[in-house]
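Okay, here's what each chain looks like letter by letter:
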Amino acid sequence: MSAQTELPASLRAYLEKSNVALAVSETDGDMPLTMVNAAFCELTGYDPEDVVGRNCRLLQGPETSDDSRRALHDFAHDPAQDAGRFPVLNYRKDGSSFHNYVFMTRLRDSRGTAHFILASQFDMTTALQRSQIRVNDAELHHALSDVEQIGREFGLAMVGSAQIISDSVATLARLTLDEDRR
Ligand SMILES: Cc1cc2nc3c(=O)[nH]c(=O)nc-3n(C[C@H](O)[C@H](O)[C@H](O)COP(=O)(O)O)c2cc1C
């Protein structure tokens, strides 16, 4: 059975309005993006028509490390993983770089088959931006609870997201420390 590829309209409408950057992909094929919201466009400088239908690796570039790419790859290609968060160097449309802390979660049906991956991008380039993670994550958490509720009407569920988000502040602090030690 091929995966459901049409994002329910009410879910799409909700995601479009969120203040946190959000992107959704299919799980089939090369996982093309099916939608990005305005906050994603503001962060990356891309318009939806630049990115929808393409894989989100388009944000990566020359200085993106193989290790960070591999972690994303392992998540994307392991259907057993529910949710995760990954630091990766990304590039905006204008070529400027930013340190992205990407959250990803699978939306699954009652049989456990994933139909979509929902991702959220957070710019952690500067200390000031990093200090905003609690605000960002409170909004992300809220958005995911709503997505869970709307998704349920369509038989779609998420697992493990709340834990990943609540662990993120500590993980980000650790990442920052590691960077400072280098
Ligand atoms: C919905 C979704 C959003 C993603 N967002 C990002 C992102 O913001 N930045 C990034 O570098 N990779 C992102 N990725 C990961 C890449 O698209 C890709 O899965 C990753 O580079 C590993 O696969 P590859 O080895 O085939 O490139 C996202 C993936 C998905 C499915």
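Residues numbered from 1 in each chain as written. Predicted model: local features only at pLDDT ≥ 70, side-chain atom pairs only at ≥ 80, totals over all residues.

Counting 39 residues, the largest nonpolar core has Leu22, Ala23, Val24, Phe40, Leu118 and Ala119 as its most contacted members. For this core, the leading source of residues is strand 4 (residues 97-108), giving five residues. Ignoring sequence-local partners within four residues, the contact set of alanine 23 consists of Leu33, Val36, Phe40, Cys56 and Ala119. (Core = buried A, V, L, I, M, F, W, Y, C linked by C-beta atoms within 7 Å. Buried ≥ 20, exposed ≤ 12 C-beta atoms within 10 Å, placed from the backbone. Helix = DSSP H or I, 4+ residues; strand = E, 2+ residues; numbered from the N terminus. Contact = placed C-beta atoms within 7 Å.)

Taken together, the neighbourhood of the ligand is formed by 21 residues, with Ser25, Cys56, His73, Ala76 and Ala119 sitting nearest. When contributions to the shell around the ligand are tallied by element, the ones reaching two or more residues are strand 1 (21-26), helix 4 (66-76), strand 3 (83-91), strand 4 and strand 5 (114-121). Broken down by element, the shell around the ligand gets its largest block of residues, four residues, from helix 4. Residue classes in the shell around the ligand are distributed as 12 nonpolar, seven polar and two charged. (Near = placed C-beta within 6 Å. Nonpolar A, V, L, I, M, F, W, Y, C, P; charged D, E, K, R; others polar.)

Let us look at the pairing of strand 1. Burial within strand 1 is extensive, with six of its six residues counted as buried. Residues Ala21, Ala23 and Ser25 point to one face of strand 1 and Leu22, Val24 and Glu26 to the other, with burial holding for every one of them. Alignment of strand 1 against strand 5, held across six bridges, turns out to be antiparallel. What sits directly across from glutamate 26, in strand 5, is phenylalanine 116. Two elements, strand 1 and strand 2 (residues 33-36), share three bridges in a ladder whose sense is antiparallel. When the sheet's bridge partners are listed, serine 25 is paired in strand 2 with leucine 33. What sits between the antiparallel neighbours strand 1 and strand 2 is a turn of six residues, in which glycine 29 has the positive phi angle 55 degrees. (Pairing = 2+ DSSP bridges.)

Further remarks concern the sheet that holds strand 5. Spatial ordering of the open sheet is given by 2-1-5-4-3, a layout of five strands whose pairing is antiparallel. Only two strands of the sheet have a single neighbouring strand rather than two, namely strand 2 and strand 3. Here the average twist between neighbouring strands, direction ignored, is 25 degrees. Where helix 4 meets the sheet, it contacts strand 3 and strand 4, and its direction lies at approximately 140 degrees from that of strand 3. (Axes fitted to C-alpha atoms, helices over the stretch in contact; angles between N-to-C directions.)

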